[in-house]
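# Residue-level structural notes
Single-letter residue listing:
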Amino acid sequence: MESALLMLEGFKDVVTLQNLLSVFVGSALGISIGALPGLNASMGIALLLPLTYGMSALPAIVMLLSIYCGAIYGGSITAILLRTPGTTAAACTVFDGYEMAQNGEPGRALSMAATASFIGGIFSVIVLIFLSPPLARMALMFGPAEYFALCFFGLSIISSLAAENMVKGLISAVIGLLLGTAGLDIVTGVPRFTFDIVELLNGISFIPVLIGLFAVSQIFITVEKEIQELGGVKQAISGLTISLKDLVSVTGTVIRSSIIGTLVGILPGAGATMSSFISYNEARRWSKTPEKFGKGCLEGIAAPEAANNAATGGAMVPLLSLGIPGSETTAVLVGAFMIQGLRPGPLLFRENPDLVYGLFAGMVLANIAFFVLGMLGARLFSQVTKIPNRVLVPMILILATIGSFAENNSLSDVFLMFSFGVVGYFMRKFEFPVAPLVLALVLGPMAESNFRRGLIISAGDWTTFFTRPISLVFLALGFATLIMPFIRMIRDHRKTREVPPSE
Amino acid sequence: MRKTRLAAFLVLAFFAALLSGTEAAFAAYPEKPIEWVIWASPGGGSDIFVRNMARLMEPYVSQPFVPVNKSGGGGAVGMAYTASKPADGHTILAVTTNFVLTPALGRSPKGPADFDMIARVAVETNVVAVSTDAPYKTWEEFVAYAKQKGGVSWGTFGVGTSDHVASAKLSKLSGIKSRFVPFEGGADSLASLMGGHIDVLTNNPSELTEQIAAGQVRLLGSFSADRWKAFPDVPTFKELGFDVVVPTWRGVVAPKGTPKEALDYLSSAIEKVVAQEGFQKYLAENQLEAAYLNSTDFALFVAEQDLFYKNELKELGLVKKKK
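Sequence order sets the numbering: in each chain, residues are counted from 1 along the sequence as written. Chain A is the first chain written and ligand 1 is the first ligand written, with later ones labelled in order. Only residues with pLDDT of at least 70 are given local features in this predicted model, and only at 80 or more are side-chain atom pairs given and counted; all residues enter the totals for whole chains, interfaces and linings. In computing side-chain values, all of the structure's heavy atoms are included and hydrogens and water are not.

Here we come to the overall build of chain A. Each helix and strand in chain A was counted, giving 21 helices and two strands. Over its C-alpha trace chain A gives a radius of gyration of 22 Å, about what one expects of a compact globule, namely 23 Å for 503 residues. Principal axes of the C-alpha set define a box for chain A whose edges measure 75 × 60 × 55 Å. Residues classed as buried in chain A amount to 60% of the 503 residues present. Contacts were defined at the residue level, with two residues in contact if any of their heavy atoms lie within 4.5 Å. Across chain A, every contact between residues at least 6 apart in sequence was considered, and the portion connecting residues at least 24 apart equals 79%. Only the protein chains shown count as covering a residue, and every accessible area follows the Shrake-Rupley method with a 1.4 Å probe. For chain A, the accessible area works out to roughly 20,300 Å², and carbon and sulfur atoms hold 69% of it. Note on charges: Lys and Arg go in the positive column, Asp and Glu in the negative column, and His and the chain ends are not counted at all. To locate a charge, take atom NZ for lysine, CZ for arginine, CG for aspartate or CD for glutamate. Distance from the positive charge centre (30 side chains) to the negative charge centre (30 side chains) of chain A: 6 Å. Helical segments are the DSSP runs of H or I of at least four residues, strand segments are the runs of E of at least two, and each set is numbered from the N terminus. C-alpha atoms define the radius of gyration, and 2.2 Å times the number of residues to the power 0.38 defines the globule rule. Relative accessible area decides the class of each residue, using a 1.4 Å probe on protein chains only: under 20% of the type maximum gives buried, over 50% gives exposed, and in between gives partly exposed.

Let us now look at the pattern of salt bridges. For this document, the term salt bridge refers to a Lys or Arg side-chain nitrogen within 4 Å of an Asp or Glu carboxyl oxygen. Under the criterion given, the structure shown has 21 salt bridges over all chains. Arg453 of chain A serves as the salt-bridge partner of Glu184 of chain B, at 3.3 Å between the closest nitrogen and oxygen. Taken together, the residues Glu184 of chain B in the loop between β7 (178-182) and α7 (186-194) and Arg453 of chain A in helix α19 (residues 435-457) connect one chain to another. Overall, Glu184 of chain B belongs to the exposed group, its relative accessible area being 54%. The class of Arg453 of chain A is buried, set by a relative accessible area of 3%. A salt bridge links Arg227 of chain B to Glu239 of chain B; the nearest nitrogen and oxygen atoms lie 2.7 Å apart. Of this pair, Arg227 of chain B sits in the loop between β9 (217-222) and β10 (248-255) while Glu239 of chain B sits in the loop between β9 and β10, and the two are 12 residues apart along the sequence.

Here the focus is empty space enclosed by the protein. Put plainly, a pocket is an open set of points on a 1 Å grid over the protein atoms alone with protein on both sides within 12 Å along at least five of seven lines, a cavity is a set where a 1.4 Å probe fits but cannot get out, and a lining residue has an atom within 4 Å of a point. Grid points are joined across faces, edges and corners, and a volume is the space filled by probe spheres set on the points. Applying the stated criterion across every chain, the model contains one cavity of 30 Å³ or more. As for the largest cavity, its lining consists of Ile38, Trp39, Ser46, Phe49, Val50, Ala94, Val95, Thr96, Arg250 and Gly251 of chain B.

Moving on, we come to the sheet that holds strand β4 (residues 115-124) of chain B. Residues and elements named next belong to chain B. Two strands make a pair as long as DSSP finds a minimum of two bridges between them. Judged by pairing direction, the sheet is mixed, and its six strands sit side by side in the order β2-β1-β3-β10-β4-β11 without closing on themselves. Every interior strand has two partners, whereas the edge strands, β2 (65-69) and β11 (289-293), have only one. Going across the sheet, the axis of each strand differs from the next one's by a mean of 25°, ignoring polarity. Pairing of β4 with β10 involves eight bridges; the strand directions are antiparallel. Across the sheet, the residue bridging to Ala122 is Arg250, located in β10. Interaxial angles span 0 to 180 degrees and are taken between N-to-C directions of axes, which are lines fitted to C-alpha atoms, for helices over the stretch in contact. Packing against the sheet, helix α3 (residues 76-83) makes contact with β1 (34-38), β3 (91-96), β4 and β10, and its axis sits at approximately 155° to β3.

With that settled, consider the side chain of Ser111 of chain A. Residues and elements named next belong to chain A. In this structure, Ser111 sits in helix α6 (residues 106-140). You can call Ser111 buried: its relative accessible area is 1%. A polar contact is formed between the side chain of Ser111 and the backbone oxygen of Arg108, at a distance of 3.3 Å. Discounting chain neighbours no more than four positions away, the residues touching Ser111 are Leu240, Thr241, Ile242, Met375 and Ala378. Pairs of N or O atoms are called polar contacts if they sit within 3.5 Å, as long as, within protein, a hydrogen donor faces a hydrogen acceptor (for residues adjacent in sequence, only side-chain-to-side-chain pairs).

Our focus in this paragraph is helix α2 (residues 17-35) of chain A. Residues and elements named next belong to chain A. Each residue after the first adds 1.5 Å to the expected span of a helix. Helix length check: α2, at 19 residues, gives a terminal C-alpha distance of 27 Å against a target of 27 Å (1.5 Å per residue), a fit within 8%. Those residues of α2 that sit buried are Asn19, Ser22, Val23, Gly26, Ser27, Gly30, Ile31, Ile33, Gly34 and Ala35. Looking at the packing, one finds that the buried side of α2 touches α1 (2-14), α3 (41-48), α4 (57-82) and α16 (353-382).

Residues and elements named next belong to chain A. Direction vectors running N to C along α6 and helix α11 (residues 244-266) enclose 40°, while the axes themselves pass 8 Å from each other. Taken together, the axis directions place α6 and α11 in an arrangement best described as oblique. Remark: the crossing between α6 and α11 carries right-handed chirality. Two secondary-structure elements touch here, α6 through Arg108, Met112, Thr115, Ala116, Ile119, Gly120, Phe123, Ser124, Val127, Leu135, Met138 and Ala139 and α11 through Asp246, Leu247, Val250, Val254, Ser258, Ile259, Thr262, Leu263 and Ile266. Classification used: nonpolar for Ala, Val, Leu, Ile, Met, Phe, Trp, Tyr, Cys and Pro, charged for Asp, Glu, Lys and Arg, polar for all others including Gly. Class assignment of the residues belonging to the contact of α6 with α11 gives a composition of 14 nonpolar, five polar and two charged. Working definition: roughly parallel below 35 degrees, roughly antiparallel above 145 degrees, roughly perpendicular at 65 to 115 degrees, and oblique for all remaining angles. Less than a right angle of anticlockwise turn of the near helix away from the far helix marks a crossing as left-handed, whereas a clockwise turn marks it as right-handed.

This brings us to the interface of chain B and chain A. The interface is formed by 41 residues belonging to chain B together with 40 residues belonging to chain A. Here's the idea: put two parts together, see how much 1.4 Å probe accessible area each one loses, and the total over both is what we call buried area. Both faces considered, chain B and chain A share a buried interface measuring about 3,400 Å² in area, 61% of it formed by carbon and sulfur atoms. The largest per-residue losses of area from chain B upon contact with chain A belong to Arg107, His197 and Glu210 of chain B, which jointly make up 19% of the total buried on that side. Remark: the boundary between chain B and chain A carries one salt bridge. Here chain B is connected to chain A by 18 residue pairs in polar contact (both at pLDDT 80 or more).

Moving on, we come to the nonpolar core. Across soluble globular proteins, nonpolar side chains show a tendency to be buried alongside one another. Definition used in this section: a nonpolar core is a set of buried Ala, Val, Leu, Ile, Met, Phe, Trp, Tyr and Cys residues joined via side-chain atoms within 4.5 Å. Formed by 215 residues in total, the largest nonpolar core has its most connected members in Phe99 and Trp139 of chain B. The element that contributes the greatest number of residues to this core is α4 of chain A, accounting for 17 residues. Of the residues that make up this core, three or more belong to each of domain 1 (32-124 + 247-315) and domain 2 (127-222) of chain B. Contact partners of Phe99 of chain B, with chain neighbours within four places excluded, come to Trp39, Met79, Pro112, Phe115, Met117, Trp249, Val253 and Val302 of chain B. Within the second largest apolar cluster, 32 residues are counted, among which are Met53, Ala122, Leu266 and Ala269 of chain B. Domain ranges listed in this record stem from an automatic or a database domain assignment.

Looking now at unusual backbone geometry. For the peptide bond that leads from Tyr29 of chain B to Pro30 of chain B, omega is -10°, which places it in the cis range. Tracing the backbone shows Pro30 of chain B in the loop between α1 (2-26) and β1. Here the phi dihedral of Phe195 of chain A falls at roughly 50°; this positive angle occurs in a residue that is not glycine. Mapped onto the elements of the fold, Phe195 of chain A is located in the loop between β2 (191-192) and α10 (206-227). For Phe195 of chain A, a relative accessible area of 64% translates into the label exposed. Its identity as a non-glycine residue notwithstanding, Asp196 of chain A has a phi of 60°, on the positive side.

All names here are of chain A. Position of Ser287 among the secondary structure elements: in the loop between α12 (271-286) and α13 (298-322). Take Ser287: its relative accessible area is 10%, and that puts it in the buried class. In this structure the side chain of Ser287 is engaged in a polar contact, spanning 2.9 Å, whose partner is the backbone nitrogen of Thr289.

Another aspect to go through is helix α17 (residues 389-408) of chain A. Residue and element names in this part refer to chain A. With 20 residues, α17 extends 29 Å from end C-alpha to end C-alpha; this agrees with the ideal 28 Å at 1.5 Å per step. Listed in full, the buried residues belonging to α17 are Asn389, Leu392, Val393, Ile396, Ala400, Gly403, Ser404 and Asn408. The buried residues of α17 all sit within an arc of 105° when viewed along its axis, so they share a single face. With respect to the buried face of α17, the exposed residues turned more than 90 degrees away are Arg390, Ile398 and Ile402. Just downstream of α17 lies Asn409, where phi reads positive at about 50°. Think of it as the arc spanned by the lines of direction from the helix axis to the C-beta atoms.

Strand order in the open sheet made by the five strands is β7-β6-β8-β5-β9 (chain B), with mixed pairing throughout. Each of the sheet's edge strands pairs with one partner strand only, and the pair in question is β7 and β9 of chain B. Averaged over all adjacent pairs, the angle separating strand axes in this sheet is 30°, with direction ignored. With five bridges connecting them, strand β6 (residues 152-156) of chain B and β7 of chain B associate as parallel partners. Bridging from a neighbouring strand, Trp154 of chain B pairs with Phe180 of chain B of β7 of chain B. Contacting β6 and β7 of chain B, α19 of chain A crosses the sheet at an angle of about 165° to β7 of chain B. Strands β5 (127-131), β8 (200-203) and β9 of chain B of the sheet are contacted by α7 of chain B, whose axis makes an angle of about 155° with β8 of chain B.

Here it is, written out as structure tokens:
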């Protein structure tokens, strides 16, 4: 009750012309930053931080939070329209978003993404406001062993991502895991697979690989079709927005994904990308029509988008109640707080409660702002799919190149992007699923380092992963997910045997 | 008609550019914007440090600074990039203790020998922290606990970092068996400490101030030479009877062969900024202490630090002894 009253006070503080302006400017900037491949939320906040030097604390932080929320949503726009995930958190949105746009319904896909992001975001802010302290304590229960188990569960999703062709899917996953081992070994400091190339010491950069596999490979395929004169004819655009019926059909998925997104977002280090993959998988598992996933279904867009935006509120939980920045973006936000002479953490609640509640209210407004901008923009952005390929392809290529270069200001990342464009092209030609590689590359290094940390802490006793309850639960979930496809296979096999041959 | 006029204009512009170019070559340093290389990604502590300094230095330098992020490999990428640039004072690099550590570990093709020093800006420290929920309140109690338990898990930032060197030396001198748990970032290790997954950690105090103030984390000691100004109650390990002073610092360097006047020009600008009240306040907030050294003194300091860390790494068995 007390929080509700403070919340009302917060809204009173936030609803000033200057704050509303910062929210909308922040959201618009955030959406653009998120949509541009290679520029992500943390870089956006870092680059725009100087803009807030002259502002007072509340509008400054509210603007940066708007950039954060907007950027996580914005990543879906290019994922849907161009097969180029603007942020890593939007990688999962490509699978169904791009397909739906290609089927002539870009507006429906875009407005689904905006709506799911909005609901996920708002849900997480509500959790942030009312449940922060207990959830923060829950987050602290996650040590290296628990993180390893969570990563293992995340990796087990590969088996369902690869369900159509298990062997090819597993090959793709193993390639991803191997790529993830490049760089300095975290425990011994030995360089692995770096071939004396300084740029490889930090491992293989994820963004260029992602852009290469998704966007560049698509460019090759589009160009190939143009040459063979198969392309050229663009689908007429229909389905400009989602209907109420659409919305009702994804309600369960959105709620489930919002919960997953918020919870995973709270865990320092896990974040938006992992939550979107887990939600996508859960959505498919619970769906009545799992076979439609990957072919442009609404649930496939709603799940990752609700989850990655729900991770924004989640990430603020450890930041505000423990003073621990759980992600790269919240680490940059600490810098923003400090410029204002504030330190996020438990003391902030005690010393500046009005600021904290103003900030909560600002986050609610930020979610509303990107939703409004996203829904208004959906119609406009949809026109991108009408652009002829001879114009669109060079544009995507330029965006992809800049995006790959931008993350580390590194030309070697651009080469990496093109190499993975070629890899992605052949993977698609030979029908190797790309998703397992991406997931393995994200989670592999995290699983490895936490596995080794867990073993160091337990002094080499491997039972630590099974005796700790949270760890055991996730490992069990992981094994269950792993054997699921096989059980299904056996069941299907039995069914076909039971049906007598009709001929 | 229009085309020829455009062509004529372009030719003219070209010559004008050429002329201004030759003129500038004789002009005083700096003749163009100075590229300031940061070996960390945007938004981190090192990045904000440089961007802040660049802003404050602008009144004293006739050209603007252009911060450029070249992150990776514990500074190796930034060093390789900067060393490949012309040594004319228009490319400089912000460095930390990794400037000597990364090359000493054999992880960087470029090292201090490839650079000229401009100035040291500030010194930092590493501190040993435990959770306030833990049964031990002082270093002595911690040592007793560790010995009774037969070993402790100790959070650091990887192998051969300044915090690892300091912690390993300290635990060796105290006779503790420590299992060092390498973390990728301060947040991860702090969460593990507060959750009771590790027993102790070493970090820069700037990432702990909030938790110290809130009474969640307690400092047992500091690796600095003197007590750290922000925590006058926390003893140094030297005071406690362990000869472990492991300094960490920040400075600015330029590619080898940069003209002396350019080095001195930038060095004196840095000296003015370091003396400013605003900058001192920023340093204090980030648990840094102003410690300016000019070009010559910084070069001596780096040489001494290089030797110090090489020896420590050898003692710890982290670098192979030369045959």
